[in-house]
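# Tertiary structure, described
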Amino acid sequence: MIQKQNYILGIESSCDDTAAAVIHNGLILSNVVATQKIHEEYGGVVPELASRAHQQNIVPVVQLALRKANIDKKQLSAIAFTRGPGLMGSLLVGTSFSKSLAMGLGIPLIDVNHMQAHILAHFIKAEEQTAPDFPFIALTISGGHTQLVMVTDYFAMEVIGQTLDDAVGEAFDKSGKIFGLPYPSGHLIDKYAQNGNPKAYKFPKPKVGPLDFSFSGLKTAVLYFVEKEVKANPDFVSENLEDLCASLQYTIVDYLMDKLKNAVELTGIKEVAIGGGVSANSGIRTALIEAEKKYSWKTHIPKIEYCTDNAAMIAMVGELKYKQGLFAKYDVVAKARMKM
Ligand code: KG4
Ligand code: ZN
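Now for a description of the structure that goes with this document.

Reading guide: rules and limits
All residue numbers refer to position in the chain's written sequence, counted from 1. By the order in which they are written, chains take letters starting at A while ligands take numbers starting at 1. Residue-level local features of this predicted model are given only where pLDDT is at least 70; pairs of side-chain atoms are given and counted only at 80 or more, and the full residue set underlies all totals for whole chains, interfaces and linings. To get the side-chain values, take all heavy atoms of the structure and skip hydrogens and water. We call a residue near a given molecule or strand whenever any one of its heavy atoms falls within 4 Å of it. Identification of polar contacts relies on pairs of N or O atoms within 3.5 Å, with a donor-acceptor requirement for protein atoms, meaning one able to donate a hydrogen and the other able to accept it, and with residues adjacent in sequence counted only if both atoms are side-chain atoms. For the area figures, the Shrake-Rupley method with a 1.4 Å probe applies, and any residue is considered shielded solely by the protein chains shown. Polarity classes work like this: nonpolar for Ala, Val, Leu, Ile, Met, Phe, Trp, Tyr, Cys and Pro, charged for Asp, Glu, Lys and Arg, and polar for all others, with Gly in that last group. Each aromatic pair joins two rings of Phe, Tyr and Trp (for Trp, the six-membered one) with centres within 6.5 Å, and gets the label stacked for planes under 30 degrees apart, edge-to-face for over 60, and tilted for any other angle. Comment: elements are numbered from the N terminus, with helices defined as DSSP H or I runs of at least four residues and strands as E runs of at least two. Relative accessibility decides the category of a residue: with a 1.4 Å probe and only protein chains considered, values under 20% of the type maximum give buried, values over 50% give exposed, and everything between is partly exposed. Geometrically, a charge over a ring is one whose NZ (Lys) or CZ (Arg) sits within 6 Å of the ring centre while staying within 35 degrees of the ring normal. Only C-alpha atoms enter the line fits that serve as axes; for helices the fit covers just the stretch in contact. Angles between N-to-C directions range over 0 to 180 degrees. These descriptions rest on fixed angle ranges, namely under 35 degrees for roughly parallel, over 145 for roughly antiparallel, 65 to 115 for roughly perpendicular, and the rest for oblique. Two helices cross in a left-handed way if the nearer one is turned anticlockwise from the farther one by less than a right angle. They cross in a right-handed way if the turn is clockwise. Pairs of residues are marked as contacts when any of their non-hydrogen atoms sit within 4.5 Å. A pair of strands is treated as paired once DSSP finds two or more bridges between them. Any carboxyl oxygen of Asp or Glu within 4 Å of a side-chain nitrogen of Lys or Arg constitutes a salt bridge here.

What follows covers the site of ligand 1. What surrounds ligand 1 is a group of 19 residues, the closest being Gly 143, Asp 173, Asp 190, Gly 277 and Asp 309. Here an oxygen atom of ligand 1 and a side-chain polar atom of His 118 are 3.3 Å apart. Here Gly 169 contributes a backbone N or O atom positioned 3.3 Å from an oxygen atom of ligand 1. Protein chains bury 88% of the 560 Å² of accessible surface belonging to ligand 1 in isolation. Residues of the shell around ligand 1, tallied by class, amount to four nonpolar, 12 polar and three charged.

This part takes up the packing of aromatic side chains. Within the structure shown, the criterion is met by 14 aromatic pairs. Aromatic pair Tyr 201 and Phe 236: ring centres 5.9 Å apart, planes at 65°, arrangement edge-to-face. Highlighted residues: Tyr 201 in the loop between helix 5 (186-193) and helix 6 (216-232) and Phe 236 in helix 7 (residues 236-267), separated in sequence by 35 residues. Like Tyr 201, the residue Phe 236 is buried in the burial classification. With a centroid separation of 6.3 Å and 15° between ring planes, the pair formed by Phe 213 and Phe 215 is classed as stacked. Feature note: the residues Phe 123, Phe 134, Phe 136 and Tyr 154 constitute an aromatic cluster, connected by ring pairs. The lysine or arginine in question, Lys 191, covers the ring of Tyr 192, its NZ or CZ lying 5.2 Å from the ring centre.

Our next topic: the packing of helix 5 against helix 7. The geometry of helix 5 relative to helix 7 is characterised by a closest axis approach of 7 Å and an angle of 110° between their N-to-C directions. The pairing of helix 5 with helix 7 is recorded here as roughly perpendicular in orientation. As helix 5 runs across helix 7, the sense of the crossing is left-handed. Between helix 5 and helix 7, the residues in contact are Ile 189, Asp 190, Tyr 192 and Ala 193 and Leu 241, Glu 242, Cys 245, Ala 246, Leu 248 and Gln 249, respectively. Its residues assigned to classes, the contact of helix 5 with helix 7 comprises seven nonpolar, one polar and two charged.

Okay, the environment of Arg 67 next. Looking at the element boundaries, Arg 67 is found in helix 1 (residues 47-69). Distance from Arg 67 to Ala 80, taken between C-alpha atoms, is 18 Å for residues 13 residues apart in sequence.

With that settled, consider the pairing of strand 1 (residues 7-12). As a general feature of sheets, a regular strand has side chains that alternate between the two faces. Most of strand 1 sits inside the fold, with six of its six residues counted as buried. Burial along strand 1 is two-sided: the residues Tyr 7, Leu 9 and Ile 11 and Ile 8, Gly 10 and Glu 12 are all buried. Taken together, the six bridges between strand 1 and strand 2 (residues 17-24) define a ladder with antiparallel strand orientation. The residue bridging Glu 12 from the neighbouring strand is Ala 19, located in strand 2.

Now for the pattern of salt bridges. Counted under the stated rule, the structure contains 16 salt bridges. The partner of Asp 111 in a salt bridge is Arg 83, and the shortest N-O contact between them spans 3.7 Å. Highlighted residues: Asp 111 in strand 5 (residues 109-113) and Arg 83 in strand 4 (residues 76-84), separated in sequence by 28 residues. For Asp 111, a relative accessible area of 13% puts it in the buried group. With a shortest N-O distance of 3.4 Å, Asp 166 and Lys 219 are connected by a salt bridge. Highlighted residues: Asp 166 in the loop between strand 8 (156-162) and helix 4 (168-178) and Lys 219 in helix 6, separated in sequence by 53 residues. Owing to a relative accessible area of 21%, Lys 219 belongs among the partly exposed residues under this scheme.

What follows is about the packing of helix 7 against helix 8 (residues 282-295). Packing of helix 7 against helix 8 leaves a shortest axis separation of 10 Å and a crossing angle of 40°. One finds that helix 7 runs oblique with respect to helix 8. The hand of the helix 7/helix 8 crossing is right-handed. Of helix 8, the residues touching helix 7 (which contributes Gln 249, Val 253, Leu 256, Met 257, Leu 260 and Lys 261) are Ser 282, Gly 283, Ile 284, Ala 287, Leu 288, Ala 291 and Tyr 295. Here the contact of helix 7 with helix 8 is built from residues that sort into nine nonpolar, three polar and one charged.

Nothing here speaks to function; it is geometry throughout.
Right, dumping it as structure tokens:
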């Protein structure tokens with residue numbers, strides 16, 4: 001019989017990425033992500049198509065993760081899966097699959113909050129990243145969320161500020177759509193911004209409470225500005241794409257940093273971490289490195305592959321919960337909305 005060791009399989013299916021990863025003592029042995037391309041042509045995630053693609057991808061993705069980790073499924077100690085928040089149809093695929101596999105193997109099932117996982121991804125052992133000390137401030141920035149979180153322990157998290165409307169990832173993606181870029185456009189805006197002038201155009205920074213965010217006004221301002229310019233010059237966007245992207249990115253990064261500064265000031269906590277898809281952005285990464293020197297913060301930036309949706313972060317939370325014996329019952333249900 002194969003000896004069971006502490007290997008945990010993580011499964012992520014909350015939005016449009018089907019992902020599986022294996023963790024062993026804090027080290028990621030495999031991290032597989034199947035990104036669904038089908039949504040590009042619709043300019044956003046189509047929930048019905050996302051759940052169908054998860055159905056198709058989940059078995060091969062899990063098989064590949066086990067193969068890359070060089071283990072057999074019988075060696076697994078537990079299955080960790082994203083319970084929420086996310087798209088219900090997408091979550092149901094990962095949840096049902098994880099329950100069946102855990103039950104079939106007779107091993108514990110561990111439910112994971114996707115947003116907690118974006119934060120706890122910092123505890124994955126990797127050369128390219130450092131684990132924060134408690135307490136720390138986490139800025140979670142993704143396509144679905146924008147939150148400031150005070151983290152006093154692995155599972156003691158308090159949301160101290162959040163967006164009142166769009167998430168920051170949406171501000172990137174919706175502006176990208178206005179610039180004629182395919183969905184999702186955050187990484188493309190980042191790429192074009194490298195060669196543009198960040199001060200070429202001035203976009204407004206919405207005024208809300210010190211720890212809250214608002215992005216819907218920015219998107220509208222970008223739309224009106226582009227419409228006005230295109231009337232005078234139909235090639236305005238293509239001729240000025242790099243400056244447009246650089247100016248938008250500069251505005252967003254500056255706004256995020258303003259909020260982080262407020263959070264540090266109000267809590268007195270100078271240990272700062274970022275997480276979520278938008279933390280892959282080179283502007284916010286550079287701004288955080290600069291903040292170490294400028295404000296004497298201790299900053300933590302995740303390895304790129306742990307920024308956008310992935311299952312390594314789910315496996316990481318799985319390992320933390322496994323050590324504490326925090327298991328889910330086999331009748332656990334997915335939750336589209338879930339608190340920290
Ligand atoms: O965390 P994530 O993969 O999925 C959600 O949970 O939402 O985040 C996806 C978001 C998208 O809005 C995408 O445009 C954005 O992250 N994103 C970026 C970059 N890479 C991904 N935004 C700005 N710059 C990037 N380099
Ligand atoms: Zn995410």
